[in-house]
Amino acid sequence: MLFSKIGVIPLLGLSWLSSAQILNVDSRSNAHSKRQQDIVTWDDKSLMINGERLMIFSAEFHPFRLPVPSLWLDVLQKIKALGYTCVSFYVDWHLLEGKQGEFRADGIFDLQPLFDAAKEAGLYLIARPGPYINAEVSGGGYPGWVQRVQGRLRTNDAAYLEATANYSANIGRIIAENQITKGGPVILYQPENEYQSFVKGYNAPDYEYWENVKKQFEDAGIVVPSINNEAHMNGYITTSTPANVDIYGHDSYPVGFDCTRPDIWPTPLATDWLAKNNKLAPDSPYALLEFQGGGFQPPGGKGFEACAILTNHEFERVVYKNNYAVGATIFNIYMTFGGTNWGNLGHAEGYTSYDYGSPITEERLVWREKYSEMKLQANFFHVSPAYLVADRFNSSLDWTNNPAITVTPGMTKTTKFYISRHTQYNSTQTVAYKLKVKTAKYGELSVPQMSDSLSLTRRDSKIHLSDYPVGDHNLVYSTAEVFTWKKYGDKTVLVVYGGPNEVHELAVEGHTPSQCELLSGSGVKIESKGGYVVANWAVTSERKVVRIGTLTVYMLNRNEAYNFYVPPVAKQIGLSEVIVKAGYLIRTVEVSSKSLNFVGDLNSTTTLEVIGGAPSSLKMLKFNGKSLKFKQDKNGVVTAKVAFAAPKMQVPKLGKLKWKKIDTLPELSSSYSDAAWTRADLKKTYNIAHPLRTPTSLYGGDYGYHTRTLIFRGEFTANSQEKDFSIYTQGGMAFGSTVWLNDEFVGSYLGGSTWESYNYTSKYTLPSRLENGKRYTFTVVVDNMGLDGNYVIPEDRQKRPRGIIDYDLSGHTKSDISWKLTGNLGGENYLDKVRGPLNEGGLWVERHGYHLPAPPTKDWANSRGPTEGIEKPGITFYSTSFDLDLPKGYDIPLSFTFANSTAAGTKAYRAQLFVNGYQFGTVVSNIGPQTRFPVPQGILDFNGKNYVGVSVWALEKGGAKVEGLELEVGMMTATSFDKIKNAPVPKWELRKGAY
Ligand code: GAL
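The protein chain is annotated in an unreviewed UniProt entry as Beta-galactosidase of Microdochium bolleyi. Reading the Subcellular location (unreviewed entry) entry of the UniProt record for the protein chain gives the comment "Secreted".

Rendered as structure tokens:
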């Protein structure tokens, strides 16, 4: 069926790729292909694109976590600048089908800008459409209405599969249209996600289910190979199981998610993965479809800088190099840019920031050392094609003279890689060792030959080499690591690096010391070993450059190497021929016969030094299109200075602005009418996982309310027996709730960051005696922190309700109280189609759209803003606007920063921040940790008016006070990236029927 639909595949529609840039070391003779496409094929070693082997060095990026599509290219270029070849992305179904049957992927949810940006940046894509994705998003990607599905989730139950059909058909079609077979960037797709955690006794894996998930996507036209992402390598779905994938893959987060003690790397490091892979899927390349690039954080956690330390450059060196030792040739780093859980898209166990401690920060900055380290690693694979075909061997102690060092060899008939690490992988000791290398001509050598030993300092790992071709030269061995090399006519430039104080040696075949010349630096010893020369040096801050025949070797210390780039040419998977030392970021280079134009960003005045690839008599050197004065020496090396000056600019002081405020809990007033509210009259819940404990359902999900604030009103006639009111509300980890009786405060649940705090019954004594026969109203506000993920099958945790689970009013039966509820206006018929189904919750201001730009605040009270303080428990909304006129040509990170209020004695509040109508922050003052909320350009109009709204919910007697709120400027860079288009910001309009 499927085959006949596909027809002839246009093999040549790939003008944006230069196949010349792709590594080619093998023919496609043993390659597998599937489903009548032969563009993406594979064997047990690697993936091949058009028959050419490629290291899939991939970055996880979630476009939906950056709601300014014009910025996606910025992130992708920063990924590409590292030398990556691929990006992997999830799709969040929740955002695309908020109302069942209405799939919307337009505006900021349109994926086309991602496909276009990938082509522009020169990156392939791995599509991961779920439907279940996990990903720390609300419901693990399931829309809220999935709580009502009459079947078990992630199973073959017909009701579940039917629920996914519309989404899978639509997203499948969009992905299919952008596959490589149609000239697009998508080369692989992953159905499902981590299908391997099952409740005991559940008959798993369900092969029929798996085939059905795949079939939905394949029916939509997806023909590129499928790949699995299993956790734990159980081998439930492999290439040879009855239901299968084309390529087996798994994920791993080896140091876990405890960022509170970032120095602790739990032991041990897995070393048996390849052996397992060879058993499970001997015919597919070793794929790590998700590998730890940072960590997520629970409420009350330590913040993402701590996760960046846990998974820092040392982690990348030790743990990623172990992956190379094991032979990973499909390697995706989760996350490489995390982004923001704006607009309530996150799950309950997180908070607004999803920075993740990734190489690229939430503000899209690339200053973390772990970013630069990845550039060193990814570039190596562009010039080391033998890696992709090397046979792997077990780690052992046989390759060194010191059992504290373990080496894993990878070998081809010629080139050999020796990946060394501490035997106790997380050791922080400095360990000296000698390495045994094998060479074709000179047998086994013990290196270094001219010094006593090599060393591993602290947490580190090295890729040593032997018989490694560099242009026309053969490195007999190198203990220093290779960043890159390029051959220019009869000359070759090689760049190697080492850590501070390390001794290294590099041996080149066929030369004598008389052919060697020290071009720069000192302290390089050269010796002849009969047939080859050895250069030996100790790494210092001073660069050493040695010419060995026609080979020029740059011996750098690692900190200097961090500043080197092999910039890409736009639209190409490969990199250019240019090697340049620069500063903060080089995005691309344009090379012509007489000129060079670098496109990049600066954070300080920078010297450019082109050590390879400049035209021999350069006429013009440009940086971001501007001509620079430059010098070119006799070796062709070009130097120039690019000036940077921070812009002179100002941002408003939020405390000095004029604010307006309004009480956003009019529900407490006796004159408030809830006539238009939803009656909570369902005697049976649609939620098959959670039977009711109350006479009618008080689950938000039963009535279509899935996002943020839920408000309940319960009316009853008093009999003067009332004394206590117990209530079990549920809103996910770190949620809170407050109860009022008429306009009197009854009590609040302040929440916590443990699982115990999740299920909690509050017992309140009523504030006063009630009058017999009089009608009273409870108002209950519940903060929904997002729906739970659905990891274990079929636990159906996504269905954990939000709202009121149970209650008891003394002197009454439960049915004495009749309830109504509301969430966001319209529920699943949400009004703001531009900002999506989750952006607004059920506060009165949100129902009226007053969080949107230009609300009608004329009659609201004047205010100094959220720092003014609220005297009693309640919710107030503050609104203001300001103009920005920020200089063009700069990337200016702005964040809204609340003063830290977790100190004892400070009263608890929950705040929401809206910027131009986009919800960009939720503060839980008593739990934290987040107080600083970056908002990107494009949500903020840098050259126009901006509207800010802040809701403050005081939970305790005596009210609460936001101690401070500022607009902060982060690290500014001069940027070439000028393609930012503001996200659409529809303004406030009267909402008919709003209540
Ligand atoms: C993986 C999962 C991802 C994400 C990650 C942790 O197990 O596949 O979706 O949840 O863990 O950040």
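Still more to cover.
**Student:** How would you sum up helix α2 (residues 72-80)? Please name residues and give values.
**Tutor:** Judged by how many residues are buried, α2 sits mostly within the fold: 9 of 9 residues are covered. The set of residues buried in α2 consists of W72, L73, D74, V75, L76, Q77, K78, I79 and K80.

**Student:** Report on the state of the cysteines, specifying residues and quantitative values.
**Tutor:** Going through the model one piece at a time under the given rule, you end up with 1 disulfide. Here C259 pairs with C307 through a disulfide, and the sulfurs are 2.1 Å apart. When the S-S torsion is 105°, as for the bridge of C259 with C307, the disulfide is right-handed. Note that C259 is positioned in the loop between β10 (249-252) and α7 (273-280) and C307 in helix α8 (residues 304-310), a separation of 48 residues in sequence.

**Student:** Before we move on, can you summarise the site of the ligand with the specific residues and values?
**Tutor:** The ligand sits among 15 residues. The nearest are Y90, N134, E136, E194 and Y356. At 2.8 Å from an oxygen atom of the ligand is found a main-chain nitrogen or oxygen belonging to A135. N193 places a side-chain nitrogen or oxygen 2.9 Å from an oxygen atom of the ligand. Considering the ligand on its own, with 300 Å² of exposed area, one finds that the protein chains cover 96% of that surface. When grouped by side-chain class, the residues that make up the shell around the ligand number 8 nonpolar, 3 polar and 4 charged.

**Student:** Describe the packing of α2 against helix α4 (residues 112-121), and please don't skip the residues or the numbers.
**Tutor:** In contact at an axis separation of 9 Å, α2 and α4 are set at 35° when each is read in the N-to-C sense. When the axes of α2 and α4 are compared, the crossing they make is right-handed. Residues W72, L73, L76, Q77 and K80 of α2 form the contact with α4, whose participating residues are P113, L114, A117, A118, E120 and A121. Tallied by class, the residues present in the contact of α2 with α4 amount to 8 nonpolar, 1 polar and 2 charged.

**Student:** Describe the packing of aromatic side chains, listing the residues and the values that go with them.
**Tutor:** The final tally for this structure, using the stated rule, is 61 aromatic pairs. With a centroid separation of 5.9 Å and an interplanar angle of 50°, the aromatic rings of F61 and F337 are classed as tilted. Placement of F61 in strand β5 (residues 56-61) and of F337 in strand β12 (residues 330-337) is noted, with a sequence separation of 276 residues between them. Side by side, F61 and F337 carry an identical accessibility label, which is buried. For the pair Y387 and F417, a centre-to-centre distance of 6.2 Å together with 85° between the ring planes defines the contact as edge-to-face. Of this pair, Y387 sits in the loop between α10 (369-382) and β13 (391-392) while F417 sits in strand β15 (residues 416-422), placing them 30 residues apart in sequence. You can call Y387 buried: its relative accessible area is 2%. The class of F417 is buried, set by a relative accessible area of 2%. One cation-aromatic arrangement involves K436 over W399; the distance from NZ or CZ to the ring centre is 5.6 Å.

**Student:** Just give me the short version of the pattern of salt bridges, but keep the residues and values in it.
**Tutor:** Two side chains bearing opposite charge may form a pair once their charged atoms approach each other closely. Using the criterion set out here, one finds 54 salt bridges in the structure. Between K441 and E509 there is a salt bridge whose closest N-O contact spans 2.6 Å. Placement of the pair is K441 in the loop between β17 (435-439) and β18 (443-447) and E509 in strand β24 (residues 503-509), with a sequence separation of 68 residues. Its relative accessible area of 18% is what places E509 among the buried residues. D796 is the partner of K799 in a salt bridge, and the nearest nitrogen-oxygen pair spans 3.6 Å. For the pair shown, K799 and D796 are each scored as buried. Taken together, the salt bridges that share partners define one network made up of D74, K78, R364, R587, D601 and D891.

**Student:** Break down the sheet that holds strand β34 (residues 606-612) for me, with residues and values.
**Tutor:** A sheet is described by the order of its strands in space; here 5 strands give the open sequence β30-β31-β34-β38-β37, paired in antiparallel fashion. Two strands in the sheet have a free side with no partner beyond their single neighbour: β30 (564-565) and β37 (630-632). Across 2 bridges, the pairing between β30 and strand β31 (residues 579-581) is antiparallel. Pairing of F564 across the sheet is with K581, part of β31.

**Student:** Lay out α4 in plain terms, naming residues and giving numbers.
**Tutor:** Since the α-helix advances by 3.6 residues per turn, residues separated by three or four positions end up pointing in the same direction. Every buried residue of α4 is accounted for by L114, F115, A117, A118 and A121. Considered in projection along α4, the buried side chains sweep an arc of 165° and stay on one side of the axis. At its buried positions, α4 is contacted by β5, α2, β6 (86-90), β7 (124-130), α5 (158-177) and β8 (186-191). Two residues or fewer past α4, G122 is found with a positive phi of approximately 85°.

**Student:** Give me the lowdown on the UniProt feature "domain: Beta-galactosidase" (unreviewed entry) in the protein chain, citing residues and values where you can.
**Tutor:** Annotation from UniProt places "domain: Beta-galactosidase" (unreviewed entry) at residues 387-564. Measuring from the first to the last C-alpha atom of residues 387-564 gives 22 Å, for a span that is 2% helix and 56% strand.

**Student:** Lay out the sheet that holds β13 in plain terms, naming residues and giving numbers.
**Tutor:** Within a sheet, neighbouring strands are paired by backbone hydrogen bonds and run either parallel or antiparallel to one another. Spatially, β13-β14-β15-β20-β21-β24-β27-β26 is the arrangement adopted by the 8 strands of the open sheet, whose pairing is antiparallel. Each of the sheet's edge strands pairs with one partner strand only, and the pair in question is β13 and β26 (525-528). Of the pairings in the sheet, the one linking strand β20 (residues 461-470) to strand β21 (residues 473-478) comprises 5 bridges and is antiparallel in character. Counted as the bridge partner of V470 is H473 from β21.

**Student:** Any chance you could break down the domain arrangement of the protein chain for me, citing the residues and the numbers?
**Tutor:** By the assigned domains, the protein chain splits into domain 1 (40-367), domain 2 (564-602 + 605-643), domain 3 (654-662 + 843-975) and domain 4 (666-822). The gap between the C-alpha centroids of domain 1 and domain 4 is 36 Å. Counting residues at the interface gives 38 residues for domain 1 and 31 residues for domain 4. Of the roughly 2700 Å² buried between domain 1 and domain 4 on both sides combined, carbon and sulfur atoms contribute 55%. For the domain 1 face of the interface with domain 4, the top three residues by lost area are Q147, R148 and A348, together amounting to 26%. At the surface where domain 1 touches domain 4, the tally comes to 18 residue pairs in polar contact (both at pLDDT 80 or more). Residues of the side of domain 1 that touches domain 4, tallied by class, amount to 16 nonpolar, 17 polar and 5 charged.

**Student:** Please give an account of the side chain of S252 that cites residues and values.
**Tutor:** Looking at the element boundaries, S252 is found in strand β10. The class of S252 is buried, set by a relative accessible area of 11%. Those residues in contact with S252 that sit more than four places away from it in its chain are W273, E290, F291 and Q292.

**Student:** An account of the pairing of β5 is requested, with residue identities and associated values reported.
**Tutor:** Here β5 lies mainly inside the structure; 6 of its 6 residues are buried. In β5, alternate side chains face the same way, and those of I56, S58 and E60 on one face and F57, A59 and F61 on the other are all buried. Pairing between β5 and β12: 5 bridges, direction parallel. Paired with I56 across the bridge in β12 is I330. Between the parallel pair β5 and β6, the chain is carried across by α2, and the sense of this crossover is right-handed.

**Student:** With reference to specific residues and values, describe unusual backbone geometry.
**Tutor:** Backbone torsion omega between G130 and P131 reads 5°, so that peptide bond is classified as cis. Cis peptide bonds are those with omega within 30 degrees of zero, and the linkage from I793 to P794 qualifies with -10°. Tracing the backbone through its elements, the reader meets P794 in the loop between β46 (775-784) and β47 (803-809). Look at R458: it is not a glycine, yet its phi comes out positive at around 50°. Mapping R458 onto the fold places it in the loop between β19 (454-456) and β20.

**Student:** Residue-level account of the pairing of strand β43 (residues 737-741), with values.
**Tutor:** With 5 of its 5 residues buried, β43 lies for the most part within the structure. Side chains of β43 alternate between two faces, with S737, V739 and L741 and T738 and W740 buried alike. As paired strands, β43 and strand β44 (residues 744-749) are joined by 5 bridges and run antiparallel to one another. Residue pairing across strands places V739 opposite G747, the latter belonging to β44. If you look at the hairpin formed by β43 and β44, you'll find 2 residues sitting between the two strands, and N742 has a positive phi there, around 50°. Pairing between β43 and β46: 5 bridges, direction antiparallel.

Procedures and definitions
- Residues numbered from 1 in each chain as written.
- Predicted model: local features only at pLDDT ≥ 70, side-chain atom pairs only at ≥ 80, totals over all residues.
- Heavy atoms only, no water.
- UniProt positions renumbered as here; feature names shortened; annotations may be inferred.
- Buried < 20%, exposed > 50% of the residue type's maximum accessible area, 1.4 Å probe, protein only.
- Helix = DSSP H or I, 4+ residues; strand = E, 2+ residues; numbered from the N terminus.
- Disulfide = S-S within 2.5 Å.
- Near = heavy atom within 4 Å.
- Polar contact = N/O pair within 3.5 Å; in protein donor to acceptor, adjacent residues only side chain to side chain.
- Areas by Shrake-Rupley, 256 points an atom, 1.4 Å probe, with all protein chains shown as cover.
- Nonpolar A, V, L, I, M, F, W, Y, C, P; charged D, E, K, R; others polar.
- Axes fitted to C-alpha atoms, helices over the stretch in contact; angles between N-to-C directions.
- Left-handed = near helix turned anticlockwise from the far one by under 90°.
- Contact = heavy atoms within 4.5 Å.
- Phe/Tyr/Trp six-rings, centres within 6.5 Å; stacked < 30°, edge-to-face > 60°.
- Lys NZ or Arg CZ within 6 Å of the ring centre and 35° of its normal.
- Salt bridge = Lys/Arg side-chain N within 4 Å of Asp/Glu carboxyl O.
- Pairing = 2+ DSSP bridges.
- Arc of directions from axis to C-beta.
- Domains from an automatic or database assignment.
- Buried area = accessible area lost by both parts, 1.4 Å probe.
- Right-handed = clockwise from strand over helix to strand, strands pointing away.

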